[in-house]
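Now for the letters of each chain:
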Amino acid sequence: MIKTKNKKDKWIKLICGASNEDIVAIEDLCAIYTAAGVDCIDVAAEESIVRAAKKGIEWAKKLFKNSPGLMISISDGNDIHFRKAKFDPFKCPPYCPRPCEKVCPTSAIDNFGVKKSKCYGCGRCLNSCPLNLITDYEYNLSKDDLASTLQKIKPNAVEIHTDIKRLDSFIKVVSILKSSETKLDKISISCGLNQSAKKSAQPEDLLKALWERYEILNELNIPLIWQLDGRPMSGDLAPTTSRDAINLFEKIGSDLPPGLVQLAGGTNEKTYELLKTNNLPDGIAFGSSARKIMQPIIEFAHKNNKKLYEYPDKMALAIKKAEKFLEPWKSS
Ligand code: SF4
Ligand code: SF4
């Protein structure tokens, strides 16, 4: 369907990060973006993280009358959204100018190595070390724990990160979802072209893979979201990172299976203006770009061992910034 470009409300999701365990930052981010009007917040499938997200949402809900759904992200296999970086700090020479520390957007790296809770696996540090000391490792919920985690967390929605070649694994995850009897308002399927490590797939391959997944999910009778991942977790690198997500959407957006179409991966403040005026997706998801603009303000509060709520002026400023960031996608 061709949609006209006007400022009508689009479905907006905040991605807190599937490997992000910075509980204090998550609580603040959820409060800020709930106040600014997002429809959904996507967090890691971990009870303590969900608790922090709910606290932030509750704070803003009372004051701003917005109540976003809570989505948890899971993966049916290895996926760069579910990883963390590590290195042994004892191997670092004292003369190193520490480029790893400089490139990390969340200040996760210090003299003691990578602080696990602050690393969300963006990968920026991986090639920064002249001695190649930094590696990544998978950080993902095992399929064995999925059903019990879902029963404990009771999310409103689940996002399944999948890859074109992982159909069997996808089927397994869906059968666990089904048997867990979790009542879900939505299921999102996140897939892109960049996730196949060796050879990048073609848009038509992705389309075929998404239709295969639609056949599997259709019987659940739950509204679906198709999240097209342009360049995973790169939205704050450069304004042009938006282009991959947009190109993908323009190639296959109108041929996707029934459901809401959402862009992610490289989305940032430039995405709206780079889209064609007569063709907008139903929704947009912002991850690293939405977090990056809040990082200094959140860090200021945390350095003083406080939450942002405890600085009403700074919280008001953060909400204003978030509203401006989301403004092209909202009617008011
Ligand atoms: S740069 Fe990215 S991957 Fe490396 S430690 Fe920081 S958050 Fe983690
Ligand atoms: S760049 Fe490499 S050697 Fe230097 S501090 Fe970072 S991990 Fe250590």
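See the structure above.
Within any chain, residue numbers begin from 1 and follow the written order of that chain's sequence. Here chains are named by letter from A upward and ligands by number from 1 upward, in the order in which they appear as written. Local features are withheld for residues below a pLDDT of 70 in this predicted model, meaning they are given only at 70 or higher, and side-chain atom pairs are given and counted only at 80 or more; totals for whole chains, interfaces and linings count all residues.

Engineer: Outline the overall build of the chain, listing residues and values.
Structural biologist: Strands here are runs of E lasting at least two residues and helices are runs of H or I lasting at least four, both read from the DSSP assignment and numbered beginning at the N terminus. The helix and strand inventory of the chain stands at 11 helices and 12 strands. Only C-alpha atoms enter the radius of gyration; for comparison, a globular chain is expected to reach 2.2 Å times N to the power 0.38, where N is the number of residues. Over its C-alpha trace the chain gives a radius of gyration of 19 Å, about what one expects of a compact globule, namely 20 Å for 332 residues. Overall size of the chain, expressed as C-alpha extent along the three principal axes, is 55 × 45 × 40 Å. Residues with at least 20 other C-beta atoms within 10 Å of their own are called buried, those with 12 or fewer are called exposed, and the rest are partly exposed. The C-beta atoms themselves are positioned from the backbone. Going through the 332 residues of the chain one by one, you find that 45% of them count as buried. Across the chain, contacts joining residues at least 24 apart in sequence account for 76% of those joining residues at least 6 apart. A residue pair is marked as a contact if its C-beta atoms, positioned from the backbone, fall within 7 Å.

Engineer: So what's going on with the site of ligand 2? Which residues, and what values?
Structural biologist: Using the backbone to place each C-beta atom, any residue with that atom within 6 Å of a molecule or strand is considered near it. Residues in close proximity to ligand 2 include Phe87, Cys92, Cys96, Arg98, Pro99, Cys100, Ser128, Cys129, Leu131, Leu133 and Ile134, which together make up its full environment. The residue makeup of the shell around ligand 2, split by class, is 9 nonpolar, 1 polar and 1 charged. Ten residues, namely Ala, Val, Leu, Ile, Met, Phe, Trp, Tyr, Cys and Pro, are considered nonpolar, four, namely Asp, Glu, Lys and Arg, are considered charged, and the remaining ones, Gly among them, are considered polar.

Engineer: Quick rundown of the nonpolar core? Include the residues and the values.
Structural biologist: Burial of nonpolar side chains together is a common tendency in soluble globular proteins. In this usage, the nonpolar core is the set of buried Ala, Val, Leu, Ile, Met, Phe, Trp, Tyr and Cys residues whose C-beta atoms join them within 7 Å. One finds Leu14, Ile26, Ile32, Tyr33, Ile41, Val43 and Ala53 to be the most contacted residues of the largest nonpolar core, which totals 76 residues. Sort the elements by how many residues they give to this core and helix H1 (residues 23–36) lands first, with 9 residues. Ignoring anything within four residues of it in the chain, the contact list for Ala53 reads Cys16, Ile26, Cys30, Ile41, Val43 and Leu70.

Engineer: Quick one: what's the story with the packing of H1 against helix H2 (residues 47–64), residue by residue and with numbers?
Structural biologist: All axes are obtained by fitting lines to C-alpha atoms, using only the stretch in contact for helices, and the reported angles, taken between N-to-C directions, cover 0 to 180 degrees. One way to put it is that H1 packs onto H2 with a least axis distance of 7 Å and a crossing angle of 30°. Classified by the angle between their axes, H1 and H2 sit roughly parallel to one another. With respect to the hand of their crossing, H1 and H2 are arranged in right-handed fashion. Counted together, Ile23, Ile26, Glu27, Asp28, Leu29, Cys30, Ala31, Thr34 and Ala35 of H1 and Ser48, Ile49, Ala52, Ala53, Lys55, Gly56, Ile57, Trp59, Ala60, Lys61, Leu63 and Phe64 of H2 form the full contact between these two elements. Working rule for angles: under 35 degrees goes down as roughly parallel, over 145 as roughly antiparallel, 65 to 115 as roughly perpendicular, anything else as oblique. Left-handed describes a crossing whose near helix is turned anticlockwise from the far helix through less than a right angle; right-handed describes the clockwise counterpart.

Engineer: Summarise the packing of helix H6 (residues 203–217) against helix H7 (residues 242–252); cite the residues concerned and give the values.
Structural biologist: Packed helix pairs are characterised by how far apart their axes lie and by the angle those axes make with each other. Taken N-terminus to C-terminus, the directions of H6 and H7 make an angle of 70°; their axes are 10 Å apart at the nearest point. One way to sum up the angle between H6 and H7 is to call them roughly perpendicular. In this structure, the crossing between H6 and H7 has a hand that is right-handed. Contacts between H6 and H7 involve Pro203, Leu206 and Leu207 from the former and Leu248, Lys251 and Ile252 from the latter.

Engineer: Account for H2, naming residues and giving values.
Structural biologist: With 18 residues, H2 should cover 26 Å at 1.5 Å per step; its first-to-last C-alpha distance of 25 Å lies within 8% of that length. Within the sequence span of H2, burial applies to Ile49, Val50, Ala52, Ala53, Gly56, Ile57, Trp59 and Ala60. The inward-facing, buried residues of H2 contact strand E1 (11–17), H1, strand E2 (40–44), strand E3 (69–75) and helix H4 (143–153). Looking at the residues trailing H2, positive phi occurs at Lys65, about 55°. Any helix carries an expected span of 1.5 Å times its number of residues minus one.

Read these as spatial facts, not as claims about activity.
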